[in-house]
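Spelled out, the chains give:
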2 protein chains.
Amino acid sequence: MNRQTPAPLPRGRPRSFDMDAAVERAMNVFWSHGYHATALPDLLRATKLSRGSLYAAFGDKHSLFLLALDRYIAIALTRMDIELDPRREPVDGLRAYLAGYVERNSGANGRRGCLLVATAMELAGRDADVDRRIGSFFKAMEARVADALSRAKAAGKLADGVEPSSAARILVCFVEGLRVVGKTAPTRIISQATVDAFLDRFIR
Amino acid sequence: MNRQTPAPLPRGRPRSFDMDAAVERAMNVFWSHGYHATALPDLLRATKLSRGSLYAAFGDKHSLFLLALDRYIAIALTRMDIELDPRREPVDGLRAYLAGYVERNSGANGRRGCLLVATAMELAGRDADVDRRIGSFFKAMEARVADALSRAKAAGKLADGVEPSSAARILVCFVEGLRVVGKTAPTRIISQATVDAFLDRFIR
DNA sequence: CGATTTAACGACCAATGGGTCTATATATCA
DNA sequence: TGATATATAGACCCATTGGTCGTTAAATCG
């Protein structure tokens, strides 16, 4: 192990903006409009950067988008890790997890939709970078749900004949579908009832 | 009731192209690329029309898109009416219906995705014409599924405690979610197994 | 046949797309 | 303080966008 050569102190004018905050703002714009419908001026307005600064910091629109997508994914997975924490009752965790979807699907949140679903539909299959991210996200999501379901099964909380791995795939489809239909019919009560009825089929 | 004045015979050069076929070709382009990513030259190539002719026939890109979307919806509903025909065994119908989704989600078909889902994510909430169409489509779809499920229930084929209307909402979410995750992981075997496992939760 | 009507064409247009580049302001270090 | 380094700004660039328009070709009807 040769020691890391000490990072040379940055010379010249230090950057005056918070890069993480800029990515987050960009994420919100992409989230609201989608990739193609987001024009550069939208991103400049949101990040409060000039064209030059934005390109210096992020390369190009596509790279910035990837960063935004990564952030979105990280947030989603972190939330799942909290909701489905192994130290909680697995069924409570699943309920909390689904309640989150209900909340995110209601009213203005619902109309905004889900950046991952929108990106999957808009870019998957024509953009390898996006493909990898979307694919691995769904895999990770499914794994977490499957894990929670196995714990529920071990605790005898699953309905007869429910197999965690296939039930996890079903659940992932279900929640992603919720986000799709939520784009046009975002009523909290119905979403909640639908989620409850769904869970009733799997939980004892 | 005054009699309709007889339609005046068309004068001049008759249109030399099949308008319906043009709409269908345009539909395929929008389907593959989405609304924003479809450029006019793509539509011209597909319809084999010149710019002028296309604008004369359809007005503008947006109107043509709406026509394409209507066509897509009509095809989908017609298919459902066949698969879920009241004269068939309702459970067979539901199986056929879901099998259709498995097929459409596999391989190249899967990667192409679903025009309705893509449009919902891309345009819903910012385009009133689209909103209406998507909303009424989901409603129509749900109604057909609910109807099939009630008939199944009447025949004693539903699992205990399954209520047709909420089960229909669940099913709609599930199949739309299938189309989303199918964009990245389009393997026929898994889709089929997932669908089977899903149905097992609702059918006796 | 000749007048009329209209489909079809593609050159053309202004606006906007994403992306580059140079000049300047402002910080650090010796 | 002076030399150096770099973030920032926005003018600029060209390709492409959706959309218009004048011209031409072709079919019908009297």
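Computed from a prediction, not measured in an experiment: that's the story for all the values here. (Residues numbered from 1 in each chain as written. Chains lettered and ligands numbered in written order. Predicted model: local features only at pLDDT ≥ 70, side-chain atom pairs only at ≥ 80, totals over all residues.)

Caption draft 1: A look at the overall build of chain A. When helices and strands are counted, chain A shows 10 helices and 0 strands. Moving toward the C terminus, one meets the helices and strands of chain A in the order α-α-α-α-α-α-α-α-α-α. In terms of overall dimensions, chain A has a C-alpha envelope of 65 × 50 × 30 Å along the principal axes. By the burial criterion, 39% of the 204 residues in chain A qualify as buried. (Helix = DSSP H or I, 4+ residues; strand = E, 2+ residues; numbered from the N terminus. Buried ≥ 20, exposed ≤ 12 C-beta atoms within 10 Å, placed from the backbone.)

Caption draft 2: Local environment of the protein's contact with DNA strand C. Around DNA strand C sit 25 residues in total, of which A39, L40 and G52 of chain A together with G12 and G52 of chain B are the nearest. Those elements that provide at least two residues to the surface near DNA strand C are helix 2 (40-47) and helix 3 (51-58) of chain A together with helix 3 (51-58) of chain B. The dominant element in the surface near DNA strand C, judged by the number of residues it contributes, is helix 3 of chain B, at 4 residues. Residues that form the surface near DNA strand C fall into these classes: 9 nonpolar, 7 polar and 9 charged. (Near = placed C-beta within 6 Å. Nonpolar A, V, L, I, M, F, W, Y, C, P; charged D, E, K, R; others polar.)

Caption draft 3: Looking closely at the confidence of the model for chain A. Overall, the predicted model of chain A reaches an average pLDDT of 93, with 94% of residues at or above 70. Across residues 1-5 of chain A, confidence stays below pLDDT 50; counting only partners more than four residues off in sequence or on other chains, it has 0 contacts. (pLDDT = per-residue confidence, 0-100. Contact = placed C-beta atoms within 7 Å.)

Caption draft 4: Quick look at the protein's contact with DNA strand D. In the vicinity of DNA strand D, 28 residues are found, and the nearest of them are G12 and G52 of chain A together with A39, L40 and G52 of chain B. Of all elements in the fold, only helix 3 of chain A together with helix 2 (40-47) and helix 3 of chain B reach the threshold of two or more residues within the surface near DNA strand D. At 5 residues, helix 3 of chain A tops the list of elements feeding residues into the surface near DNA strand D. Partitioned by chemical class, the residues of the surface near DNA strand D number 12 nonpolar, 7 polar and 9 charged.

Caption draft 5: The interface of chain B and chain A, seen in detail. Contacts between the two partners involve 39 residues from chain B, matched on the other side by 39 residues from chain A. Considering every element that reaches the side of chain B that touches chain A, the biggest residue donor is helix 9 (residues 164-181) of chain B, with 12 residues. Partitioned by chemical class, the residues of the side of chain B that touches chain A number 21 nonpolar, 10 polar and 8 charged.

Caption draft 6: Spatial organisation of the packing of helix 7 (residues 115-123) of chain A against helix 8 (residues 128-154) of chain A. Residues and elements named next belong to chain A. Between helix 7 and helix 8, the shortest axis-to-axis distance is 10 Å and the interhelical angle comes to 135°. What the angle tells us is that helix 7 and helix 8 run oblique. At the point where helix 7 passes helix 8, the crossing takes the left-handed sense. Contacts between helix 7 and helix 8 involve L116, T119, A120 and L123 from the first element and V130, I134 and F137 from the second. Grouping the constituent residues of the contact of helix 7 with helix 8 by class yields 6 nonpolar, 1 polar and no charged. (Axes fitted to C-alpha atoms, helices over the stretch in contact; angles between N-to-C directions. Parallel < 35°, antiparallel > 145°, perpendicular 65-115°, else oblique. Left-handed = near helix turned anticlockwise from the far one by under 90°.)

Caption draft 7: Just the relation of the copies chain B and chain A, in detail. You can overlay chain B on chain A at an RMSD of 0.1 Å; the transform is a turn of 180° with a shift of 0.0 Å along its axis. Put plainly, the chains are arranged around a two-fold axis. Within chain B, G177 of chain B has its C-alpha nearest the rotation axis, a separation of 1.8 Å. A share of 100% of interface residues in chain B that are also interface residues in chain A marks the association as one of identical surfaces. (Least-squares fit on C-alpha atoms with pLDDT ≥ 70 in both.)

Caption draft 8: Spotlight on the environment of D160 of chain A. Residue and element names in this part refer to chain A. Note on placement: D160 falls in the loop between helix 8 and helix 9 (164-181). Residue class for D160 comes out exposed when judged on the 5 C-beta atoms lying within 10 Å of it. With 93 residues separating them in the primary sequence, D160 and L67 have C-alpha atoms 43 Å apart.

Caption draft 9: Structural detail: helix 9 of chain A. Along its 18 residues, helix 9 of chain A runs 25 Å from first to last C-alpha, staying within 8% of the 26 Å computed at 1.5 Å per residue. Most of helix 9 of chain A sits out of view: 15 of its 18 residues are buried. (Expected span 1.5 Å × (residues − 1).)

Caption draft 10: Structural view of the environment of D131 of chain B. Summarising the element assignment, D131 of chain B is placed in helix 8 (residues 128-154). D131 of chain B sits in the partly exposed class, given 17 other C-beta atoms within 10 Å. For the pair D131 of chain B and A120 of chain B, spaced 11 residues apart in the sequence, the C-alpha separation amounts to 7.7 Å. Here D131 of chain B is in contact with T184 of chain A together with A124 and G125 of chain B, once residues within four sequence places are set aside.

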